[in-house]
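Structural description and commentary
The lines below spell out each chain.
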Amino acid sequence: MEATVAPGDDAPGGDAGREAEQSGTTEESRPEPGAQEDRPEQDAESPRADPGAEPSRAEPGTEAPGWLAQIPYFLVLATMAAGIVVVAAAYFKRGPAIIAGALLLAAAFRILLPEERIGMLAVRGRWLDIATAVTLAVLLIVLAWVAPQLTS
């Protein structure tokens, strides 16, 4: 059973002792003011040398913001939306051609841009993404070619 101590009692350490027990530090676990610890001190200005860490490619402050990597994705998305609007306006030959253009744009971005700059266009491996986009673009171009023209 645990004994409780009232705020005015003569407990060792008083309120400071209770706070130290609650935070997990006691007088026994605190180092003496002049004592050196066994581990060497790390310089606050120099980062730890981790042998498994990759070296940074850019200096701090020169990296682009995270949203900037999404610009290619939004360009492809906007072009696809334009193609869907054209299809909805009953232009069944032009709409799939615009959507195919958006897929070819996505494939071009995937080929040309590095992994850090591609954003959400990177879904699978680079070559699988490119092959998927180009295949779908070719199929949509064929669809646009063979679709009958609607006459009003």
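Attention here is on the structure that accompanies the text. These numbers were taken from a predicted model, which means no experiment stands behind them.

**Focus on the packing of helix α3 (residues 94-112) against helix α5 (residues 126-146)**
Helix packing geometry: the angle between the two helix axes and the distance between the axes. Close contact between α3 and α5 brings their axes to 8 Å; oriented N to C, the two are set at 160°. In this view, α3 runs roughly antiparallel relative to α5, as classed from their interaxial angle. The chirality of how α3 crosses α5 is left-handed. Taken together, the residues of α5 that come into contact with α3 (itself represented by P96, A97, I99, A100, L103, L104, A107, R110 and I111) are R126, D129, I130, A133, V134, L136, A137, L140, I141, L143 and A144.

**Some thoughts on the side chain of R110**
Here R110 shows up in helix α3. In this structure the side chain of R110 is engaged in a polar contact, spanning 3.3 Å, whose partner is the backbone oxygen of R124.

**Things to note about the environment of A81**
Assignment of secondary structure puts A81 in helix α2 (residues 71-88). You can call A81 partly exposed: its relative accessible area is 37%. For the pair A81 and A102, spaced 21 residues apart in sequence, the C-alpha to C-alpha distance is 9.3 Å.

About the criteria used
Residues numbered from 1 in each chain as written. Predicted model: local features only at pLDDT ≥ 70, side-chain atom pairs only at ≥ 80, totals over all residues. Heavy atoms only, no water. Axes fitted to C-alpha atoms, helices over the stretch in contact; angles between N-to-C directions. Helix = DSSP H or I, 4+ residues; strand = E, 2+ residues; numbered from the N terminus. Parallel < 35°, antiparallel > 145°, perpendicular 65-115°, else oblique. Left-handed = near helix turned anticlockwise from the far one by under 90°. Contact = heavy atoms within 4.5 Å. Polar contact = N/O pair within 3.5 Å; in protein donor to acceptor, adjacent residues only side chain to side chain. Buried < 20%, exposed > 50% of the residue type's maximum accessible area, 1.4 Å probe, protein only.

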